[in-house]
Structure formats: C-alpha cells, structure tokens
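Residue-level structural notes
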Amino acid sequence: MAMIAISIAVVAAVVISAMALVVFAPKMQYLRMATTTSTQDSGLLDYILPVFENETNSKVEVIAVGSGQALEMGKRGDVDILMVHSPASEAQFVKDGYGTNRTQFMYNWFVIVGPDSDPAGTRYAKNSSDAFKRILDNGTTGNVTFVSRADNSGTHSKELTIWSALGYNKTQVAAFDSSWYKQAGQGMGSVLDMCEDMGAYTLSDDATYYSRVEAGIIPSLNITKAGDSALKNQYSIILVNSTIWTHINATLAEDFLAWITSHDGQDLIKSYERYGQQLFTPNAPAYISALSIAGCRGAVEAAVSASTRSEETILRLSNIRG
Amino acid sequence: MVLGIEYDVVQVTLLSLYVAGAATILGCLIGIPLGSLIGLKEFGGKGTLKTITYTMYGFPPVVSGLFIYYLFSRSGPFGSLGVLFTPTAMILAETLLVIPLAAGITITEVSEVDRSIKDTIRALGASRRISNLTVMREAWVGLIMAAMIGFGRCIAEVGAAYMVGGNIQGETRTLTTAIMLETRMGKFDYAIGLGLVLIAVALAVFFFMRLLQEKEHL
Amino acid sequence: MTAAVELRNATKRYGDVVAVNGVTLTVEKGEIFGILGPSGAGKSTVLRLFDLLEAPTEGSVAICGEEVSYLSKRADDVRSRIGMILQKPVALNRSVANNIAYSLQIRDWSEEDIKKRVDEELKRYGLEGRRDKNARTLSGGEMQRLSFARSTVFGPELLLLDEFSANLDPKNVALMEAQISRYMKEDGSRTVVMVTHNIFQARRMCDRIALMWDGEIIEVADRKKFFEDPDDPRTAAFVKGDIVY
C-alpha cells in the first residue's frame, strides 16, 4: 500500500511541476505567428523576436510549418499573423479576404544546387531558367537527376515558377518522368540530403544550404546558379483578418508589423549573420525609400534588387560594397 | 551535448512527461473499464466490437492529430475554447491513441483470466460489479502492461503532437518535436542526444511500472 | 421442514449435450445430502445450478421454497449465503490471509471484524505459517484448506462441495471431513450438499444420498436404505462396486 501511495505522490509531483512551468506563465500578451520551416531553421526569429518581446512584454508563439499549411492556418483563424514567402498564394489569400496589410519586409535567395561535377553544365547557364532547361535536357537523356520539394512550399512554388517560364505548367511538371525528376514531398534539409546521396540537383533556399554545409552533411553539393532575380525569395507579413477572428490581438499584430518594417526592425534583420554572411536583406517599402532619401550606399543595393538584374551586376555591386 | 543550449532541455523533458503521462492516465481511465466491459460481458456484436478495437491499434496518429485539429481549430466546433496549440490539445490527440490500446489489451487480459477464477469469485458471493473489479485486479499485471504500452506510444508520438501543438518553444515543444526540429536543421548529433534523453526517461518510467507489476501481495 | 434448495424439473443443455435431464431434487434444511455417481453424470452441473452460477435451460431452481433466477438481483443476495468448494480450487493472486478476507470484504464486514475472523480461520485450518505468502504457492492440501476457510468464514447457510477430496491425501481428507461435521454441529439450520464418487465417504458423512446417472436421478434414499436395501438395481450394483467408473 505504501508503494502505491508513494508512486501516486511522485506522479502528482511531476505532473504539477510540469504544469506549473507550462500553465502558470507570467501575465503577458501573446502573438501567434505561422511561418515556414526554412524561416525558423535560419535562426533569424530566435535573433530578432526577443527584442520585440522585450519591448512589448509579449510572447511570440512561432509555429513553423509548410507554406501551404501556414496559409491554411491563417484561413482558419488559428494564428494571428503570417510570415511567409509565397507571393502568388499570398496575393490570393488577401484577395479572398482572409488577411490584410500584406507587406513585403525582407528577402533572401534561392540557389540552384548540384553535384561538384555539374554534368548539366548549369554553371554556364545564362540564368535560372536556362539552368533548368539544361537540367531538363540532361535529365531526359538520363544524365542527371533533379529532386523537387513537391510539397506546396515556398521553394516548390518558386521551382514551378521557373518551369512555367520554360512553358511547363504544374500538371506537366508533376508528370515529368520519375527516372530523373524525383518528387520528394519533404523538407528542404531532407531534400538536400537526398541530393548529396544521389548526386542530384535541386532548388534550395540559401540559409538551409549553408546550414547543411556548416554541419558537414553535404560535402559534394555546390551552388551552381545564384543571384538571378528570378531566384529572389520575397518575404511578407500578412495580418490575419481580425474582423472575422475577433479573438486576435489586432493591436499587437499591427505593432509587430510596424516594428519589423521600422528602421530598428529592418536594421536588426540586416545585422543577422550566420555562416559568415548576412542571410536576409531588409526591403520594407518605408525602409527602402527612407534609405534612398538619405542616399546611403545600401539604398542603391536595395533599389537594384527591386528591379531585374543579372548575377554579374550583383557581384559587381558587392565589390563596390566591399 | 550541453544542457540549456538553445532551449531548456529540462523543460522540454518535463513537458513530454506531462503530456504523455496525462494522455496515458486519461486513455487508461477510459480504455481499461471499456475493455473490461467488452471482455467480461456477453452480448451480441461482441466479436465485431473486439475486432474494431484491435483494428484501431493501427490508427494513424497523424489522423488523430488532424481530427483534434479540426475539432479545436478556430474554424471548428470547439475553437472558442482556445485549446489548439496548447499541451491540452496534444494530450487529447494522444489520449485517442491510447484508448484502443488500453481497451484491447484489457479485453485480452480479462478474457485470459481463468474461467475457474471467475467462477470462484462468483461462487464466493461477489456481485456482478465487484466480480468484474476483482477480475480486473487479477489481471493487474496485464493492465499495468496496457498502461506501459500506452505510455510508450505517447512518449514517442511526434506527428500528432507537432500538428496540434505547433512545437512552440517553451510551450508545446516536447522531446520528440524538438528532435524533429533538430533533425530538420541538420543537427543530427543534438537530435540523437535528445533521443537518448527520451529513452532514459522512458526507461525510468517503465522500471517504475515494472516494480508495480512485481508487487507480490495485493 | 423447509427445503433448503431444490431443482424443479430442471434440464440443462450445453449445445447438444444434456447434462441434467428433467431432474427434480429436494434437499432439506439441516441435512448432509450426498450426490453419488460416475463422472460425467451431471453432478457438478447440479451444484452449479444450486449455486445460481447458471440458469437451467428448462425448469427452475428454488431456494428456501422460492424460485430464483440466476440473473436477478435476488440471486446475488442468495449467493452471498451459499458457500461452494471445488475439486481443484484456485486462489486469487494475493496473500493467503487476503484470500480469506476477500469473502468478508465483499460482504462489507468491518476491517476489525475481518482481521479477527481471518486469524481464527488461519489457526483452525493450520495456515498461520502461510499467512502472508501468495496463495498461488500453496500445495494441493493447503489450497483445499484455504478453500474451506474462505468458503465458510462468512457462515453460509448452504455449503456445496464438489468432489473436494478427489485430489487430497487421506490425512487432509480426514481433516476436511471433521471440519464439515463441526460446521454442521455449530448451527442446526445449516445444510451441506456433497457431490462425490467415493461411496465410502458418502456412507461416512451423508444423511441422504442420491444416485445420479447420465443426467438423471436414479434413486434418492437415506443412508441406511441406500447402502443396504436400495430400490434400483443400478444403485445396488453401484454400492457394491460392480460398476466401473
């Protein structure tokens, strides 16, 4: 009998202490944010959110899922705010009335990644579409393999956009021969691992690529194409429609949007470095125009990125910066 | 692996224990009496009910997660309770997985209790209700087994936990969802480290439950 | 004299097998009633019907003159005043003392009273040394003693014994028979129904005896008549030991 009493006491103690940690958090405001896994994995949010949380005595609850799922969660009112990077889907989302105040605020880059030997010769491609063309041609002859995210993520959408520039719509892409076009249905990290294993090409966001390189997991993969404006990965904030979902702390959500597009917020994004480089480039409209008014060097870069330029130009400009 | 880097491993472990423990207890509180009822009572359709229960062993956890998500989404019937993305939602999703396990194992265990024991208990003058309770106590070892298996299922659960919990740092991040995160980020060593913590915790729990099983006198 | 327990034209079928076939049997209060017969005659089934563990397919069971159905609430009340001892008794998975205590716990006795009674029974049946051992570890003889203890500790008015001595050594059989006699002497309104295929035991212990064969009662007579001058030739053959079983 004593055994049972002791065991119940122990279980109760553990349960209560665990609950205490979880349930009795200090009184504060909460902002529920849906974002993508690649955003969370870059570490940016761990870097910038604490500043916002301190200033506003709030907690930002970050839920990282695929782009498609994030938008779905916004539709359902399960989150208060979205930080995503799927321009086409975002536009539709706002058009359908699910969200408001869609605001661009930063971008990073997609890169085409492939094996050292680069059998498709994507290095010599004029741009990303040309690179894809070379992969397609070599793929159908059995020379190379391409792994696709195939999961409605931002990266997947970007991939499809490039294919569509070559004249292939979504259905046609999905029907590419599986001998060379592998539809993985997995996250970016796993897809990179698969490419390492198979010596295949893929489209990746730069942050995930760099993190995998740093971890030493993908020694034989290299960036073979980058900087093409078609490879720009634009991030936006969308406020979930608080008229429909009255439980949302709309003020806090607006405060977040204001903060991240403010000078301080944008500078903070710019200062985030990892793998020896700045991962994200802030480009909220107010920030860009403010900079161009001030005439800083950075404004030129920002203005350049807002238009279409070649990889060469960007390299030239970064030399100017250096 | 150093404790405390990136987030509190202790907190994550305690949350895992809390969620898995609560779901196991809830699931057994429902599943064991249910299984006992099905196992000990004679009624039409008993065979069908048993088959359904055993089939539910294979119920995909992700589907349980989806179901709870739909129920507690703001767009869903119970959205206003604000349960989604809290440990409560995770507990509910995992409880659904434990119930068929606890019920099914209990059905088997109480059925296996010797016919002569059941007769003896009745012959000694126990009423229907007390008789069922005594049979359950005779099947004590097996019922603890049901709880152990239920706990095992919960502590290892990741799909449903991620879906209805959201893996929110400091709130709904468990050992398993943390492992998934670290793996996704390529930090395989850290992930394995967390995995070892999970196994150690599970070991402690199972050791304790084995002690309960071994108790000689009831 | 009120009948303690009766079968009224009772039949019990298990699928195609007829275990008890249209049997009418009356056991009087205060007597030790024996049921003799070969294995498979249906004797155990009669006891199970008496104990309301099962219902007859046809006919009825009456306790103290009143018909009782095994499913009814009344059955629970009645069964709590009947004790049944089986040939191969099984123990609950707990200590010897707690096995005996169980009979009293389910009758809502107080903790104090239970402890006292259990101590008495342990002493009476020589099980004190085994008090805290798991009852599953008992020897055959010890288990039968435990079976007696737990089935009589609550003072049942009707005691049903199903070939209790079949697996026992002579010393233990003698012990148990002495306990039965003592039990009856303690209270004149108690009744015992004893199923056995040991004719010597029946002659030692029983006031009246029934011979059962193939699900039917062949003859019921008091001890003297049953053994010395039975009506039915089969009875005569049986008590002479001419029948192989």
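Residues numbered from 1 in each chain as written. Chains lettered and ligands numbered in written order. Predicted model: local features only at pLDDT ≥ 70, side-chain atom pairs only at ≥ 80, totals over all residues.

A short note on the overall build of chain C
Helix and strand content of chain C: 9 helices and 10 strands. Taking 245 residues into account, the globule formula puts the C-alpha radius of gyration at 18 Å, and chain C, at 18 Å, falls close to it. In terms of overall dimensions, chain C has a C-alpha envelope of 55 × 40 × 35 Å along the principal axes. Across the 245 residues that make up chain C, the buried fraction comes to 43%. Taking contacts inside chain C between residues at least 6 apart in sequence as the whole, the part at least 24 apart equals 66%. (Helix = DSSP H or I, 4+ residues; strand = E, 2+ residues; numbered from the N terminus. Rg over C-alpha atoms; globule rule 2.2 N^0.38 Å. Buried ≥ 20, exposed ≤ 12 C-beta atoms within 10 Å, placed from the backbone. Contact = placed C-beta atoms within 7 Å.)

A closer look at the interface of chain B and chain C
Listed per partner, the contact involves 16 residues of chain B and 20 residues of chain C. Elements that contribute at least two residues to the side of chain B that touches chain C include exactly helix 5 (115–123) and helix 6 (128–138) of chain B. A total of 6 residues in the side of chain B that touches chain C trace back to one element, the largest contributor, which is helix 5 of chain B. Classifying every residue of the side of chain B that touches chain C gives 6 nonpolar, 5 polar and 5 charged. (Nonpolar A, V, L, I, M, F, W, Y, C, P; charged D, E, K, R; others polar.)

Concerning helix 12 (residues 263–270) of chain A
Taken as a whole, helix 12 of chain A has its buried residues at A:Gly265, A:Gln266 and A:Ile269. Relative to the axis of helix 12 of chain A, the buried residues are bounded by an arc of 95 degrees and lie together on one face. (Arc of directions from axis to C-beta.)

Observations regarding the domain arrangement of chain A
When the parts of a complex come together, some accessible area is lost, and that lost area is often used as the size of the interface. Residue and element names in this part refer to chain A. Looking at the assigned domains, one finds that chain A contains domain 1 (27–108 + 232–321) and domain 2 (110–231). Centre-to-centre separation of domain 1 and domain 2, based on C-alpha positions: 25 Å. Between domain 1 and domain 2, the residue contacts involve 22 residues of the former and 21 residues of the latter. Broken down by element, the side of domain 1 that touches domain 2 gets its largest block of residues, 3 residues, from helix 2 (residues 37–41). Per-class residue counts for the side of domain 1 that touches domain 2 are 5 nonpolar, 13 polar and 4 charged. (Domains from an automatic or database assignment.)

Looking at the nonpolar core
Ranked by size, the top nonpolar core spans 174 residues in total, and within it A:Ile81 and A:Leu82 carry the most contacts. Sort the elements by how many residues they give to this core and helix 4 (residues 87–112) of chain B lands first, with 15 residues. When sequence neighbours within four positions are dropped, the list of residues in contact with A:Ile81 reads A:Leu31, A:Met33, A:Ile237, A:Leu239, A:Val240, A:Ala253 and A:Phe256. By size, the runner-up hydrophobic cluster in this structure holds 29 residues, among which are A:Ala120, A:Leu136, A:Val191 and A:Ala200. (Core = buried A, V, L, I, M, F, W, Y, C linked by C-beta atoms within 7 Å.)

Some words on the pairing of strand 1 (residues 29–36) of chain A
Residues and elements named next belong to chain A. Buried residues dominate strand 1, accounting for 6 of its 8 residues. Both strand 1 and strand 2 (residues 58–65) contribute to a ladder of 8 bridges, which runs parallel. Each bridged residue has a counterpart across the sheet, and for Ala34 the counterpart in strand 2 is Ile63. The pairing of strand 1 with strand 3 (residues 81–84) spans 3 bridges and is classified as parallel. When the bridges of strand 3 are listed, Ala34 appears paired with Leu82. (Pairing = 2+ DSSP bridges.)

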